[in-house]
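One-letter residues, chain by chain:
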Amino acid sequence: MSFAVIQMVSQSDVLANLARARHLLEEAAAGGALLAVLPENFAAMGRRDIADIGRAEALGEGPILPWLKQTARDLKLWIVAGTLPLPPLGHPTSKAHACSLLVNDQGETVARYDKLHLFDVDVADNRGRYRESDDYAYGSGVVVADTPVGRVGLTVCYDLRFPELYSELRAAGAQLITAPSAFTAVTGAAHWEVLIRARAIETQCYVLAAAQGGTHPGPRETWGHAAIVDPWGRVLAQQDQGEAVLLAERDSSEQASIRTRMPVSSHRRFFSQGAQRPARNDEFKA
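Residues numbered from 1 in each chain as written. Predicted model: local features only at pLDDT ≥ 70, side-chain atom pairs only at ≥ 80, totals over all residues. Heavy atoms only, no water.

- Taken directly from UniProt, the Sequence similarities (unreviewed entry) text for the protein runs: "Belongs to the carbon-nitrogen hydrolase superfamily. NIT1/NIT2 family." (UniProt positions renumbered as here; feature names shortened; annotations may be inferred.)

## Topic: the sheet that holds strand 17 (residues 235-239)
Thought 1: Taken in spatial order, the six strands of this open sheet run 9-10-11-12-16-17, and their pairing is mixed. The open sheet terminates on both sides in strands that have one partner only, identified here as strand 9 (144-147) and strand 17. Direction aside, neighbouring strands of the sheet carry axes that sit 20° apart on average.
Thought 2: Of the pairings in the sheet, the one linking strand 12 (residues 206-209) to strand 16 (residues 226-229) comprises three bridges and is antiparallel in character. Its bridge partner lying in strand 16, Ala 209 is registered against Ala 227. (Pairing = 2+ DSSP bridges. Helix = DSSP H or I, 4+ residues; strand = E, 2+ residues; numbered from the N terminus. Axes fitted to C-alpha atoms, helices over the stretch in contact; angles between N-to-C directions.)

## Here we look at the state of the cysteines
Thought 1: Evaluation of the coordinates by the stated rule reveals zero disulfides.
Thought 2: In this structure Cys 157 is a free cysteine whose sulfur lies 15 Å from that of Cys 99, the closest cysteine sulfur available.
Thought 3: The cysteine Cys 205 is free of any disulfide, with Cys 157 supplying the nearest cysteine sulfur at 19 Å. (Disulfide = S-S within 2.5 Å.)

## So, the packing of helix 4 (residues 163-171) against helix 5 (residues 185-203)
Thought 1: Where helix 4 contacts helix 5, the two axes come as close as 10 Å, and the packing angle between them is 35°. Classified by chirality, the crossing of helix 5 by helix 4 is right-handed. For the pair formed by helix 4 and helix 5, the contact residues are Pro 163, Tyr 166, Ser 167 and Arg 170 on the first element and Arg 199, Glu 202 and Thr 203 on the second.
Thought 2: Class assignment for the residues of the contact of helix 4 with helix 5 results in two nonpolar, two polar and three charged. (Left-handed = near helix turned anticlockwise from the far one by under 90°. Contact = heavy atoms within 4.5 Å. Nonpolar A, V, L, I, M, F, W, Y, C, P; charged D, E, K, R; others polar.)

## Observations concerning the confidence of the model for the protein
Thought 1: On average, residues of the protein score 94 in pLDDT, and 94% of them reach the 70 mark or higher.
Thought 2: Predicted confidence for residues 278-286 stays below pLDDT 50, and this span has three contacts to residues more than four positions away or in other chains. (pLDDT = per-residue confidence, 0-100.)

## Quick notes on the side chain of Gln 212
Thought 1: Along the chain, the position of Gln 212 falls in strand 13 (residues 211-212).
Thought 2: You can call Gln 212 buried: its relative accessible area is 1%.
Thought 3: Polar contacts involving the side chain of Gln 212 include one to the main-chain carbonyl oxygen of Asn 41, which spans 3.4 Å. (Buried < 20%, exposed > 50% of the residue type's maximum accessible area, 1.4 Å probe, protein only. Polar contact = N/O pair within 3.5 Å; in protein donor to acceptor, adjacent residues only side chain to side chain.)

## Notes on the UniProt feature "domain: CN hydrolase" (unreviewed entry) in the protein
Thought 1: In this numbering, the UniProt entry assigns the feature "domain: CN hydrolase" (unreviewed entry) to residues 1-252.
Thought 2: Span residues 1-252 is 27% helix and 29% strand, its end C-alpha atoms 9 Å apart.

## As for the packing of aromatic side chains
One pair of aromatic rings is described through two measures. These are the centre distance and the angle between the planes.
Thought 1: Within this structure, the stated rule accounts for six aromatic pairs.
Thought 2: Relative to Trp 67, the ring of Phe 42 lies with its centre 6.0 Å away and its plane at 35°, an arrangement referred to as tilted. On the criterion of sequence distance, the pair formed by Phe 42 in the loop between strand 2 (35-37) and helix 2 (50-58) and Trp 67 in helix 3 (residues 64-75) is long-range, its members being 25 residues apart. In terms of burial, Phe 42 and Trp 67 fall into one category: buried. (Phe/Tyr/Trp six-rings, centres within 6.5 Å; stacked < 30°, edge-to-face > 60°.)

## So, the pairing of strand 16
Thought 1: Because side chains alternate across strand 16, one face comprises the buried residues Ala 226 and Ile 228, and the other comprises Ala 227 and Val 229, equally buried.
Thought 2: Summarising the sheet, strand 16 and strand 17 pair through four bridges and their orientation is antiparallel. Looking at strand 17, one finds that Ala 226 is bridged to Gln 239.
Thought 3: Taking the residues between adjacent antiparallel strands as the criterion, strand 16 and strand 17 are bridged by five residues, where Gly 233 takes a positive phi near 90°.

## Quick word on the nonpolar core
Thought 1: Ranked by internal contacts, the top residues of the largest apolar core, which has 44 residues, are Phe 3, Leu 35, Leu 102, Leu 154, Leu 160, Ile 196 and Leu 208.
Thought 2: Setting aside chain neighbours within four positions, we find Leu 154 in contact with Val 80, Ser 100, Leu 102, Ala 111, Tyr 113, Val 143, Leu 169 and Thr 178.
Thought 3: Counting 31 residues, the second largest nonpolar core, distinct from the first, contains Leu 24, Trp 67, Leu 86 and Val 245. (Core = buried A, V, L, I, M, F, W, Y, C linked by side-chain atoms within 4.5 Å.)

Following this line, the structure appears as structure tokens:
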């Protein structure tokens, strides 16, 4: 049950990025991967015409979706397509979502996740201000799907800071969780590894953290450090910067053993349906 995590340094040229992604996916398939995860914004970085890109794809006039389906078929590979801008189904002129698609080895879309948490943050880098909500609409809903490597939960980048989403994915049966990302160099240096390892430990899932890792138009510098983390929180593979294909296998027996020996899912008391709210200290005062 092999899978791959891909790191890219995407630029503004969509066709050039797709060519690079194809090369990296070919390497993943040749390495035995049944599923591969592309990073956030794999098809374009630094573009201001997000709405136009999304509209063209929704109307069947863009290059990204046909490329994705054909590549999956050619390589007999399941692909988590990082993110691409896509408006809601049936509404091609609506504001785009930062959409992560799961495509099977027949080129069919199996699942769609629209990014829940948008990166509206001030960062002490050369860009300074990020407002994803200017370009994207908020998603809704938790998405899991069965794949040849196990039951996969879909997340994106900034979602990593919201552990309640990951708890919901575990409750929905996730065994692996994808996190295609484009962390800034500043926030990545401070928090990236801590977050991906924490989400793996909490959920006892494999975390497949694809990443952008280099310099992009804007200018923008991303942290990279794409990684695969196992359910015990061990980093099985990692790449600092530049393009890379990381491969690993899911050990389902070990994962089951970890969950049996430390059944954190059944131990959860607070915030579950019907659980008693913990008392505050001041409630014990006379």
